[in-house]
Amino acid sequence: MADEGLGSHKRDPIKASVGNAAAQRRRQHAVTVGKERREALMRTKRLCRVGVSGDFDEASIDDSDMMIEEDQAILEALTSAAVEELKLDVAYQGKGATEKRVNALRELRRFLSRSEFPPVEAALQAGAIPLLIQCLSFGSPDEQLLEAAWCLTNIAAGKPEETKALLPALPLLVAHLGEKSSLHVVEQCAWALGNVAGESEELRNVLLLQGALPALARMLLPNKRSTVRTAAWALSNLIKGPDPRAATELIKIDGIPDRIIRHLKKGDDELATEVAWVVVYLTALSNVATTILAKSDLVQVLVEILDMSTSLQLLIPVLRSLGNLVAGEPHITNFVLVVRHALTGDAIQALVKCLKSEHRILNKEAAWVLSNIAAGSVEHKRLIYSSEAMPLLLNLLSKAAFDIKKEVAYVLGNICVAPAEGSGRPNVILDHLVNLVHGGCLTGFLDLVRSADVEAARLGLQFIELVLRGMPNGEGPKLVEREDGIDAMERYQFHENEELRSMANELVDTYFGEEYGLDE
């Protein structure tokens, strides 16, 4: 039976990212980060200017070769001429035919590498794809194969319709990932396929049907770092969904879980970063993958990286992976983060380090991970509550940017509630609630109520309900009134969102009705 994605168990009502919502939120996180990463790395990562092979470095492009924008028309004309020359050299069968083809391919590749926006359209209109496919034929010299794959790599880095033009070339690119090809050719073909996979779900499905996944997965098994790095990047593009089947298929391939952990432990930051993104998509999309990885040494490795690394590019996917692991079924959270186990304490301390970071994205991701831990058992809630994280979270709720405040509010809200039996309201953890409110968090939650963000407003109202219901000696309504909370809730009296309108009106009617204040 195919893996249908992540679990359906719902934990605390105050937490949006648990159970079914957890699976959806993890997928949304994965897609969002994938889009951000794609925009940031589209040209520096996807476009190949320096070859994968040290044997042919004399053909690499340096900064002095780059074309400026005003030269684009000239570059397009030169590219068209290079394709015409390649046509003649592909047809030529005389002495030195191979050398002529390689030189023509190299010239075309140079033009496709000499601009921030390569002249792909000119190459396609001149008929480059059929020629490059011919040059990829089996039995061709490695240098020819490499140059042809390099041209295709940069064509695939173009616009969506330009990437799609590679469809006829995909079977050969996948076939050249086989064991009979040289590592340089394999790596360049993988790069081209990674560009294709990153373009659309439609093209990912084509590649999966053509067997690209097991072929790329085999590339994780050698120890050549650049090859593994390219393969991991291509795989992260190939499995990123939204269908979880590719992620499930990958994790089931023999040796892949162990190899992922090995590369995270032994690889340099750049290699570990690419492998960590594979883990992000595995844990975001596949319950099977999450279960397998939770039973491995992955969590310990992730925590060690969080503790030791200073690389922002690496820490982001590591945090995301850890958060995914603890965002799903409670038995997985309890398995990977055992209360009173040294690893769990180390994990909290590593997250505290990220909360202290000057990088706002680390603050946000660390808060997201903690919110998922806080949505677990009462023991996990108390572990966070007694840690150094608490003053940092209260400070972030007060002073951080809105998106970070919202993640922090999930942590603090979940720390204050214990799961209720059945479908009733969550039980209040009184000492947590009292100390947090007296620590000044009420203002931050009311700011969320006043925001235009529906999710944040809902979270704020949920916490206000805890304060009104749970604070001892009837203190809750007075505290809320003192912070102008009645006004904040009454703004939802005629709100278009039925859920928020109902929540706010019920709280005002219940706690601030006609009888409020008469006993004073």
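Reading the values: rules and limits
Residue numbers restart at each chain and count upward from 1, following the sequence in its written direction. Local features in this predicted model are restricted to residues of pLDDT 70 or higher, and side-chain atom pairs are both shown and tallied only at a pLDDT of 80 or more, whereas totals for entire chains, interfaces and linings draw on every residue. Hydrogens and waters are ignored; side-chain quantities use all the structure's heavy atoms. Numbering goes from the N terminus for both helices and strands, where a helix is a DSSP run of H or I of at least four residues and a strand is a run of E of at least two. Residue contacts are counted whenever heavy atoms from the two residues lie within 4.5 Å of one another. UniProt positions are given in the numbering used here, feature names are shortened, and annotations may be inferred rather than shown by experiment. Under the scheme applied here, a residue whose accessible area is under 20% of the maximum for its type counts as buried, over 50% as exposed, and between as partly exposed, the area being computed with a 1.4 Å probe on protein chains only. Any Lys or Arg side-chain nitrogen located within 4 Å of an Asp or Glu carboxyl oxygen qualifies as a salt bridge. Under the convention used throughout, the expected extent of a helix is 1.5 Å for every residue step, that is, one less than its residue count. Residues enter patches when they are more than 30% accessible in relative terms and free of salt bridges; like-charged ones are connected within 9 Å and nonpolar ones (Val, Leu, Ile, Met, Phe, Trp, Tyr) within 5 Å. Every accessible area reported is derived by Shrake-Rupley at a probe size of 1.4 Å, with residue values counting cover from the shown protein chains alone. Charged residues are defined narrowly, with Lys and Arg counted positive, Asp and Glu counted negative, and His plus the chain ends left uncounted. Charge placement uses NZ in Lys and CZ in Arg. For Asp and Glu, CG and CD serve respectively. Note on terminology: a nonpolar core comprises buried Ala, Val, Leu, Ile, Met, Phe, Trp, Tyr and Cys residues joined through side-chain atoms within 4.5 Å.

Let's talk about the environment of Ala 149
Examined against the element boundaries, Ala 149 turns out to sit in helix α6 (residues 142–156). The sequence separation of Ala 149 and Leu 173 amounts to 24 residues, and the corresponding C-alpha distance is 7.6 Å. Residues contacting Ala 149, with those up to four places away along its chain left out, are Leu 136, Leu 173, Gln 188, Cys 189 and Ala 192.

Comments concerning the UniProt feature "repeat: ARM" (unreviewed entry) in the protein
Using the residue numbers shown here, the UniProt feature "repeat: ARM" (unreviewed entry) corresponds to residues 211–238. In residues 211–238, the share of helix is 75% and the share of strand is 0%. The end C-alpha atoms are 11 Å apart.

Describing unusual backbone geometry
For Arg 340, which is not glycine, the phi torsion reads 70 degrees and is therefore positive. In this fold, Arg 340 is placed in the loop between α19 (330–336) and α20 (342–355). Judged by its relative accessible area of 76%, Arg 340 is exposed. A positive phi angle, near 60 degrees, is found at Asp 484, a position not held by glycine. Mapped onto the secondary structure, Asp 484 falls in the loop between α28 (475–482) and α29 (485–490).

Some details on the pattern of salt bridges
Oppositely charged side chains are able to pair whenever their charged atoms sit close together. Enumeration according to the criterion identifies 21 salt bridges in this entry. For the salt bridge of Glu 270 with Arg 229, the shortest nitrogen-to-oxygen distance reads 3.5 Å. Of this pair, Glu 270 sits in helix α15 (residues 269–285) while Arg 229 sits in helix α12 (residues 225–238), placing them 41 residues apart in sequence. Residues Arg 469 and Glu 465 are paired through a salt bridge, measuring 2.6 Å at the closest nitrogen-oxygen approach. Linking Arg 469 with Glu 465, this pair stays in helix α27 (residues 454–470), spanning four residues, or about one helical turn. The partly exposed category is assigned to Arg 469, whose relative accessible area is 25%. On the accessibility criterion, Glu 465 (14% relative accessible area) is buried.

Brief notes about helix α3 (residues 97–111)
A rise of 1.5 Å per residue sets the reference length of α3, with its 15 residues, at 21 Å; its end C-alpha atoms lie 22 Å apart and thus fit the reference within 8%. The complete set of buried residues in α3 reads Ala 97, Arg 101, Val 102, Ala 104, Leu 105, Arg 106, Leu 108, Arg 109 and Phe 111.

Some remarks on a negative patch on the surface
A cluster of acidic residues, Asp 254, Asp 258, Asp 297, Glu 304, Asp 307 and Asp 346, forms a negative patch at the surface. Relative to the helices and strands, Asp 346 resides in helix α20.

Quick word on helix α21 (residues 360–374)
For an α-helix, the turn length of 3.6 residues means that residues three or four places apart are oriented alike. Taking 1.5 Å per residue, 15 residues should reach 21 Å; α21 reaches 21 Å between its end C-alpha atoms and fits that length. Inspection of α21 places Leu 362, Asn 363, Glu 365, Ala 366, Ala 367, Trp 368, Val 369, Leu 370, Ser 371, Asn 372, Ile 373 and Ala 374 among the buried residues, and these make up the whole buried set.

A look at the nonpolar core
Ranked by size, the top nonpolar core spans 166 residues in total, and within it Leu 132, Leu 173, Leu 264 and Leu 282 carry the most contacts. Considering each element in turn, this core owes the most residues, twelve residues, to α15. Residues within four places of Leu 264 in sequence aside, it is in contact with Ala 272, Val 275, Ala 276, Val 279, Leu 298, Val 301, Leu 302 and Ile 305.

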